[in-house]
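# Overview (structure and organization)
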Amino acid sequence: MRHSFLDRYSSLSSPIHRLDPRAKIVALFSFLLIVVFTPITLGQKFALYGALVFSLVVISKVPVKFVIKRSLVIIPFVGLVAIGLPFLGNDGGSLNLGVFAITPSALLLFLNVIVKSWLCVVAMIVLTSTTPFSRLLRGLQGLKMPTVFVMILSFMYRFTFILEDELERMVRAREARSFKPTWLQSVKAAGNIIGNLLVRSYERGERVYAAMRSRGYDGEIKLISELKMNSHDALFITIFLSLLILILVV
Amino acid sequence: MLAVEVRNLHYRYPDGTIALRGVDLRVKKGERVYLIGPNGSGKSTLLLHLNGILKPQRGKVVILGIDANEENGELKKKVGLVFQNPDDQLFMPTVFEDVAFGPVNLKLGEAEVKKRVKMALEMVGLTGFENRSPHHLSYGEKKRIAIATVLAMDPEILVFDEPTLSLDPWIKRNFMELLKTLGRNRTIVISGHDLDLMKLCDRTYLMRDGRIIGEIKNRREIFQDSKTGASRR
């Protein structure tokens, strides 16, 4: 079975795809920091940040529609957190809905959370959809992220697909043997499947660990990193950072 | 000198299942031995003892003169174990990193690691797969990469757990060809229940209920109860 949900489009070829993952990770984090620290009242700055990110999307040939669609996934999560914010102001207000008072400052706070998190997510989508996951990991490792974390991410990525396959097989096996289950029956079956998945993952963990030990794993993870920064990466970082600072300052 | 010497080996899993009840096995250097037996006869458990993943609970395992109870990791360098399920064996994000995992752990230099990876992929006929992810491979490709991960470590003894299980006949022939090219200077132990593999091995032993019950000369003997002392239920 073939999957690619995290790093779909990461195998395209574009100037953005070819960049060293470290350059992209550094660019992403500077972007996040600068966006988060810009006051929300400066609306035009956010428009420019958005333009900057989306110009990267265009250069990278990743479909804009895909990026937007994927970025909307976070709205329910952020929305849940931010939904109460407009009502929390206490400086009186003009927009009143019965007992709830919406004040401009509180509304601004709400916008603050929504706009910033959305921009950050778009930037992260640009990173993950222009960098194959393995290169992303190598980039993180090259930036001195502790190897344990890199390995955890790596295993997560590798075994998500296997778990997904296993789940699919179990669901199919259930469907093959059940005819019009009642609600209670299907909940029971779902419970069994989840439990089964846990046990199977645990056992797989044991077998994978045995396979690692068989090949000389002694608790210390050693990796070969083959990343090389070139002038393109330097150019990208310079341009990107100066544009960011320009937007922030001017 | 014996490559593998197993004497009266017993093993019981933590859940109480008794997997081995006194296994005796001697494999000479350069010999190819095939362990054949029904599912659950203890083949995999026995193989896990050969590189020190499992330690003998009773009895003795001596590999190339090294006592498994006294070693501390050397056996893993000398014995390469190919697991039954390639999804257990391939755990890195790319094929290159997976094949390089063993050599890197052997603390070989970077150039040597790359050379080993290239050689191993060439041997299994998958040159150019370095940057692929394991989840983008077919089952047969995964199986061959799993073999490459062990070949890259260049072990003196190669152990295959059910290598031809659920392979299609084309990839199976591929594997059998590979087995022939592995040369005579390597000791090979294979487990399984594929009768075709018998002709590639010097000796075939029948395993049943946690014991090796005897040597088999031709495939008909497997079904003769008097020879094996056990009957199919």
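Here the structure is shown first, and the text comes after it.
Model, not experiment: these values are computed from the prediction.

### A look at the overall build of chain B
Looking only at helices and strands, one finds 8 helices and 10 strands in chain B. Along the longest, intermediate and shortest principal axes, the C-alpha atoms of chain B span 55 × 40 × 35 Å. Considering chain B as a whole, with its 233 residues, one finds that 59% of them fall into the buried category. Of the contacts formed within chain B by residues at least 6 apart in sequence, a portion of 66% connects residues at least 24 apart. With the model as given, the accessible surface of chain B reaches about 10100 Å², and the carbon-plus-sulfur share is 48%.

### Observations concerning the interface of chain B and chain A
Taken together, the contact between chain B and chain A spans 31 residues of the former and 32 residues of the latter. Here chain B meets chain A over a buried area of about 3000 Å², counting both sides, of which 56% is carbon and sulfur. Looking at the side of chain B facing chain A, the largest losses of area belong to Asp88, Phe91 and His135 of chain B, adding up to 24% of the total buried there. For the interface between chain B and chain A, the tally reads 5 salt bridges. As a salt-bridge pair, Asp88 of chain B and Arg204 of chain A come within 2.8 Å of each other at their nearest N and O atoms. Along the contact surface separating chain B from chain A lie 9 residue pairs in polar contact (both at pLDDT 80 or more).

### Structural notes on the side chain of Ser60 of chain A
Residue and element names in this part refer to chain A. Take Ser60: it is sitting in helix α3 (residues 43-60). Only 2.7 Å separates the side chain of Ser60 from the backbone oxygen of Val57, close enough to count as a polar contact. Aside from chain neighbours lying at most four places away, what touches Ser60 is Leu12, Ser14, Ile16, His17 and Thr130.

### Structural notes on the nonpolar core
Counting 45 residues, the largest nonpolar core has Val6, Leu25, Leu46, Leu50 and Ile63 of chain B as its most contacted members. Counting 43 residues, the second-largest nonpolar core is a separate cluster that includes Ile16, Phe46, Val53 and Phe240 of chain A.

About the thresholds
Residues numbered from 1 in each chain as written. Chains lettered and ligands numbered in written order. Predicted model: local features only at pLDDT ≥ 70, side-chain atom pairs only at ≥ 80, totals over all residues. Heavy atoms only, no water. Helix = DSSP H or I, 4+ residues; strand = E, 2+ residues; numbered from the N terminus. Buried < 20%, exposed > 50% of the residue type's maximum accessible area, 1.4 Å probe, protein only. Contact = heavy atoms within 4.5 Å. Areas by Shrake-Rupley, 256 points an atom, 1.4 Å probe, with all protein chains shown as cover. Buried area = accessible area lost by both parts, 1.4 Å probe. Salt bridge = Lys/Arg side-chain N within 4 Å of Asp/Glu carboxyl O. Polar contact = N/O pair within 3.5 Å; in protein donor to acceptor, adjacent residues only side chain to side chain. Core = buried A, V, L, I, M, F, W, Y, C linked by side-chain atoms within 4.5 Å.

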